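If you want the building blocks of each chain, they are given just below.
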Amino acid sequence: MIESFFPRGMAHYLIGGMLIGGGVGLLFVLRGLIGGTSTFFTSTLSYVVESPFFQQARFVGTRAWRAVYALGLVLGAALYLAVYGEPFQTGVAAWRLLLGGVLIGFGARLSNGCTAGHGICGLASLQWPSLLAVLTFLATAIGMAHLVQWAGGMP
Amino acid sequence: MTAPRWLAALVAGTLFGLGLAWSTMIRPEIVIDFLLFRDLGLLLVLGGAVVVALACYQIAPRLLSKPLLGGTFAQRESVLDRRTIIGAALFGLGWGLCGVCPGPAIAGLGAGNWPLLIALVGIFLGAYLQGRYFPKN
């Protein structure tokens, strides 16, 4: 019965999730930092955008470690590819990636968190506004995915 | 900043990226399958990540006076206001449209998922538009 909800198996999801939590936890135990990922985009823009919003200490003061952390994300996935995997390229249409990306970047920064910031760090910090944010983005994402499917989009 | 502190951020990010790849979250098709209720694996990923992070966040400050490499334990404080909820709603629309979120958009490059560069450009653009036209300190 339960297998029907997980046609690709369960173990790799749990192991991967615990590795993600391990990375977030390690950053906290070693350095006391909260490792969301969407702030990286604003903090990196602070290198080139001069306006006062981007030049706040919370971006300028964290942009270096956030960039190193992001480099780690790339390395970690590359490590997986080197050991286990074959390269995989998404078949999702370019316009969906671009428009979706704009909504993701704008929304996550307006909300001050994404699937990592609200979903992992916020919930692990027992921040109930983050739980509401998670439920909100799950609801709109499920709605949008069904809309795209209904309209004949792939996959 | 000293080398071990940089290395800590790099290793933490590497674990995160390894987990994203291992759990196949760097494949938008798998995320979209979750959103269409065809494969609920994403809930296991989120659950596994939250349990481990929760243990670290809650236990470390009780056992240690400061982080092992120095500094102070930061605390995430989420606020409940319109920006948080409207932003989350817009984020979800984008996530549902393309099956990508910020972590996998970055990590996917390491696994050769080059089309995600397009999503990365979009995310930077969205973050710019937010900071430029809807800033709040």
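Owing to the predicted nature of the structure, the values given are computational and were not obtained by experimental measurement.

Thresholds, definitions, all that
Residues numbered from 1 in each chain as written. Chains lettered and ligands numbered in written order. Predicted model: local features only at pLDDT ≥ 70, side-chain atom pairs only at ≥ 80, totals over all residues. Helix = DSSP H or I, 4+ residues; strand = E, 2+ residues; numbered from the N terminus. Buried ≥ 20, exposed ≤ 12 C-beta atoms within 10 Å, placed from the backbone. Contact = placed C-beta atoms within 7 Å. Nonpolar A, V, L, I, M, F, W, Y, C, P; charged D, E, K, R; others polar. Core = buried A, V, L, I, M, F, W, Y, C linked by C-beta atoms within 7 Å. Axes fitted to C-alpha atoms, helices over the stretch in contact; angles between N-to-C directions. Parallel < 35°, antiparallel > 145°, perpendicular 65-115°, else oblique. Left-handed = near helix turned anticlockwise from the far one by under 90°. pLDDT = per-residue confidence, 0-100.

What to know about the overall build of chain B
Helix and strand counts for chain B stand at six helices and zero strands. Overall, chain B shows an N-to-C arrangement of helices and strands of α-α-α-α-α-α. Taken along the three principal axes of its C-alpha coordinates, chain B extends 45 × 35 × 30 Å. With 137 residues in all, chain B has 58% of them scored as buried. In chain B, once contacts between residues fewer than 6 apart in sequence are set aside, the share between residues at least 24 apart is 47%.

Considerations on the overall build of chain A
A tally of regular secondary structure across chain A gives seven helices and zero strands. A principal-axis box enclosing the C-alpha atoms of chain A has dimensions of 50 × 35 × 35 Å. Counting all 155 residues of chain A, 56% fall into the buried class. Pairs at least 24 apart in sequence give 44% of the contacts found in chain A among residues at least 6 apart.

Some words on the environment of Trp 65 of chain A
Considering the arrangement of structural elements, one finds Trp 65 of chain A in helix H4 (residues 63–83). Take Trp 65 of chain A: there are 23 C-beta atoms within 10 Å of it, and that puts it in the buried class. Placed 25 residues apart in sequence, Trp 65 of chain A and Phe 40 of chain A show a C-alpha to C-alpha distance of 9.2 Å. Ignoring anything within four residues of it in the chain, the contact list for Trp 65 of chain A reads Leu 33 of chain A together with Ala 9 of chain B.

Some points on the interface of chain B and chain A
By convention, interface size is frequently given as the accessible area that disappears when the constituent parts associate. At the junction of the two partners, chain B supplies 108 residues and chain A supplies 109 residues. Contributions of two or more residues to the side of chain B that touches chain A are made by helix H1 (3–22), helix H2 (28–35), helix H3 (41–63), helix H4 (82–98), helix H5 (102–110) and helix H6 (116–133) of chain B. Taken together, the residues that form the side of chain B that touches chain A break down as 71 nonpolar, 29 polar and eight charged.

Looking at unusual backbone geometry
Of note, Leu 126 of chain A is a non-glycine position whose phi angle comes to about 55°, a positive value. Mapped onto the secondary structure, Leu 126 of chain A falls in the loop between helix H6 (115–124) and helix H7 (128–150). You can call Leu 126 of chain A partly exposed: it has 13 C-beta atoms within 10 Å. One non-glycine residue, Phe 37 of chain B, lies in the positive phi region at around 65°. Note that Phe 37 of chain B resides in the loop between H2 and H3.

Focus on the nonpolar core
Counting 94 residues, the largest nonpolar core has Ile 120 of chain A together with Ala 49 of chain B as the members making the most contacts within it. Aside from chain neighbours lying at most four places away, what touches Ala 49 of chain B is Gly 17, Met 18, Ile 20, Gly 21, Val 24 and Ile 120 of chain A.

What about the environment of Ala 89 of chain B?
Checked against the element boundaries, Ala 89 of chain B lands in helix H4. Under the C-beta neighbour-count criterion, Ala 89 of chain B is labelled buried, with 20 such atoms within 10 Å. Apart from residues no more than four positions distant in its own chain, Ala 89 of chain B is found in contact with Thr 136, Phe 137 and Thr 140 of chain A.

Remarks on the packing of H1 of chain B against H5 of chain B
Residue and element names in this part refer to chain B. Running from N to C, H1 and H5 cross one another at 85°; their axes reach a closest spacing of 9 Å. The orientation of H1 relative to H5 falls into the category roughly perpendicular. Counted together, Phe 16, Gly 17, Leu 20 and Ala 21 of H1 and Gly 103, Pro 104, Ala 107 and Gly 110 of H5 form the full contact between these two elements. Here the contact of H1 with H5 is composed, by residue class, of five nonpolar, three polar and no charged.

Describing the packing of H4 of chain A against H1 of chain B
Two packed helices can be described by the angle between their axes and the distance between those axes. Relative to each other, H4 of chain A and H1 of chain B sit at 45°, their axes nearing to 6 Å. With respect to H1 of chain B, the element H4 of chain A is oriented oblique. Between H4 of chain A and H1 of chain B lies a crossing whose hand is right-handed. Split into classes, the residues belonging to the contact of H4 of chain A with H1 of chain B amount to 23 nonpolar, five polar and no charged.

Thoughts on the confidence of the model for chain B
Residue and element names in this part refer to chain B. Overall, the predicted model of chain B reaches an average pLDDT of 96, with 99% of residues at or above 70. Between the elements of chain B, mean pLDDT differs from a low of 96, seen in H5, to a high of 98, seen in H3. For this predicted complex, the interface confidence score (ipTM) comes to 0.97, while the overall pTM stands at 0.96.

Brief notes about the environment of Leu 10 of chain B
Assignment of secondary structure puts Leu 10 of chain B in helix H1. In this structure Leu 10 of chain B comes out as partly exposed when scored by C-beta crowding, with 19 C-beta atoms within 10 Å. Sequence separation between Leu 10 of chain B and Asn 113 of chain B is 103 residues; the distance between their C-alpha atoms is 21 Å. In this structure Leu 10 of chain B touches Val 68, Leu 71 and Gly 72 of chain A, once residues within four positions along its chain are discounted.

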